[in-house]
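A look at the structure
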Amino acid sequence: MKLPSLKIRNLEAKFPVIQAGMGVRIGVAELASAVVKCGGFGTIASVGMGDVERGKTHFVEECNEKFANELKKAHALLEGRKNLGVNVMVAISNYEEIVRTAIAGGVDYIISGAGLPLVLPEYVGDADVALIPVISSGRAFEVVVKTWLRKYNRKPDAVIIEGPKCGGHLGFTMDMIEHPETCSLDILLKDVKEVMGRYDIDIPVLAAEEVCCRADVEKFIKMGFDGVQVGTYFITTEEAGIDRRSKQVFVDAKKEDIVVIKSPVGLPVRVLKTPLVQRVLSGNREKFSCPYRCLRSCNPAKSLFCIARALLATWEGDVENGLYMVGCNVDATTRIYPVKEFFDTLEGE
Ligand SMILES: Cc1cc2nc3c(=O)[nH]c(=O)nc-3n(C[C@H](O)[C@H](O)[C@H](O)COP(=O)(O)O)c2cc1C
């Protein structure tokens, strides 16, 4: 089949693919701009951009500055092309500031999940930016829609449904994660469409879970989705921002190495069983102090590890101390490759 283009608000991409805004520093300007040039939607992950040392005393300013620089870099690489967006996690303590920095930085869309983005339209105001909530149930989608309509007279411009097998933080209970067939994407799509019908909303619906080839994109289009969001399969691209040693960890990993643990974000998170995770699973608390409180829900006195430090360690290639978030399809990441190779397979019939 010929793949359809993806239209969101006044934007259109040749292929129905959004690159997931993976933090920390995986979804950077190089990856997002390469994806846009290949015909997709490219997303910068806004979390964890700031320098740790300066962040100790100037957390909000430091995060804003570094994030704004990354947006500038992406715009320079894109030379006027549209379809650049950002991912902002509701769970971060500087959510409002980062959203406002994104708007000032001229992004085309904002994806927001890891919590319900109920106040997002307030911070966006009348800026011409597409708003895309991430949800994992029809109920969560309805809460977002109802709140946005009532408080801001605004509808989402698209919605991303994250399934129980996807990478990173998961909006499901442990019980549901162990029984993914009870909350599979076809079930969730039906629930979301039902809400769309009741609220008279006609927007693109994207599937996020285990997409790593053209056949996966076609599968979700045939299921009734308008497109997909790709995470794990883009971690081992040349353009992803993390150190090559960390990319190699994903290349070498097998499905059996995956485990779901409780994250300081307050949600389950799917990760590789690397040395840090093994220490955490045996109940050991990593020594750390927290000068900045980057997450609303994290209690540093109780958390077994600092997720910000762990994700920065991944960025640096420090395999002993890094946290390697991953989706169930890690077996598909068998090499480090330019992201264009994925998009080339989407051409033609
Ligand atoms: C390493 C990694 C980092 C992620 N970071 C974020 C993030 O910063 N914000 C977010 O909303 N989702 C994040 N996610 C989830 C992705 O946005 C995406 O929905 C998911 O990875 C899709 O499933 P897949 O990995 O099976 O393709 C992350 C996922 C991974 C694997």
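See the structure shown above.
What comes next concerns the included structure. (Residues numbered from 1 in each chain as written. Predicted model: local features only at pLDDT ≥ 70, side-chain atom pairs only at ≥ 80, totals over all residues. Heavy atoms only, no water.)

What about the pattern of salt bridges?
A full pass over the atoms with the stated rule returns 21 salt bridges. Here Glu-65 ties to Arg-54 by a salt bridge, and the two come within 3.4 Å at their closest N and O atoms. Classification of Arg-54 as partly exposed rests on a relative accessible area of 32%. Residue Arg-279 is joined to Glu-286 by a salt bridge in which the shortest nitrogen-to-oxygen separation is 2.8 Å. (Salt bridge = Lys/Arg side-chain N within 4 Å of Asp/Glu carboxyl O. Buried < 20%, exposed > 50% of the residue type's maximum accessible area, 1.4 Å probe, protein only.)

Looking at the pairing of strand 13 (residues 268-272)
Of all the five residues making up strand 13, five are buried; the element is thus mostly covered by neighbouring parts of the structure. Of the two faces of strand 13, the one carrying Pro-268, Arg-270 and Leu-272 and the one carrying Val-269 and Val-271 are both buried. Direction of pairing for strand 9 (residues 168-169) relative to strand 13: antiparallel, over a ladder of two bridges. If you follow Gly-168 over to strand 13, its bridge partner there is Arg-270. Across five bridges, the pairing between strand 12 (residues 258-262) and strand 13 is antiparallel. Considered in strand 13, the bridge of Ile-261 is made with Val-269. (Helix = DSSP H or I, 4+ residues; strand = E, 2+ residues; numbered from the N terminus. Pairing = 2+ DSSP bridges.)

Here we look at the site of the ligand
Neighbouring the ligand are 23 residues; Glu-162, Glu-210, Gln-229, Gly-231 and Thr-232 lie closest to it. For the ligand, the accessible surface in isolation is 600 Å², of which the surrounding protein chains cover 96%. Counting residues per element, the ones that place at least two in the shell around the ligand are strand 5 (84-89) and strand 11 (227-230). Counted by class, the shell around the ligand contains eleven nonpolar, nine polar and three charged residues. (Near = heavy atom within 4 Å. Areas by Shrake-Rupley, 256 points an atom, 1.4 Å probe, with all protein chains shown as cover. Nonpolar A, V, L, I, M, F, W, Y, C, P; charged D, E, K, R; others polar.)

Here's the deal with the layout of surface pockets
Counted as a void, the second largest pocket has a volume near 370 Å³. Considering the residues around the second largest pocket, the lining is formed by 24 residues, among which Arg-309, Ala-310, Leu-312, Ala-313 and Glu-316 are closest to the centre. Of all the elements in the fold, those that place two or more residues in the lining of the second largest pocket are helix 2 (52-78), helix 10 (275-281) and helix 11 (307-316). The residue makeup of the lining of the second largest pocket, split by class, is eleven nonpolar, three polar and ten charged. Domain assignment of the residues forming the lining of the second largest pocket places at least three in each of domain 1 (6-242 + 335-344) and domain 2 (245-316). (1 Å grid on protein atoms, 1.4 Å probe; cavity = no way out; pocket = protein on both sides within 12 Å on 5 of 7 lines; lining within 4 Å. Points joined across faces, edges and corners; volume = space filled by probe spheres on them. Domains from an automatic or database assignment.)

Considerations on the sheet that holds strand 12
An order of 9-13-12 is seen for the three strands of this open sheet, with the pairing classed as antiparallel. The open sheet has two edge strands, strand 9 and strand 12, and neither has a second partner.

With respect to empty space enclosed by the protein
With the rule as written, the count across this model stands at one cavity of 30 Å³ or more. Considering only enclosed or pocket space, the largest cavity measures out at about 80 Å³ in volume. Every residue lining the largest cavity is listed: Pro-264, Phe-288, Cys-290, Tyr-292, Arg-293, Cys-294, Leu-295, Cys-298, Phe-305, Cys-306 and Ile-307. Taken together, the residues of the lining of the largest cavity break down into ten nonpolar, no polar and one charged.

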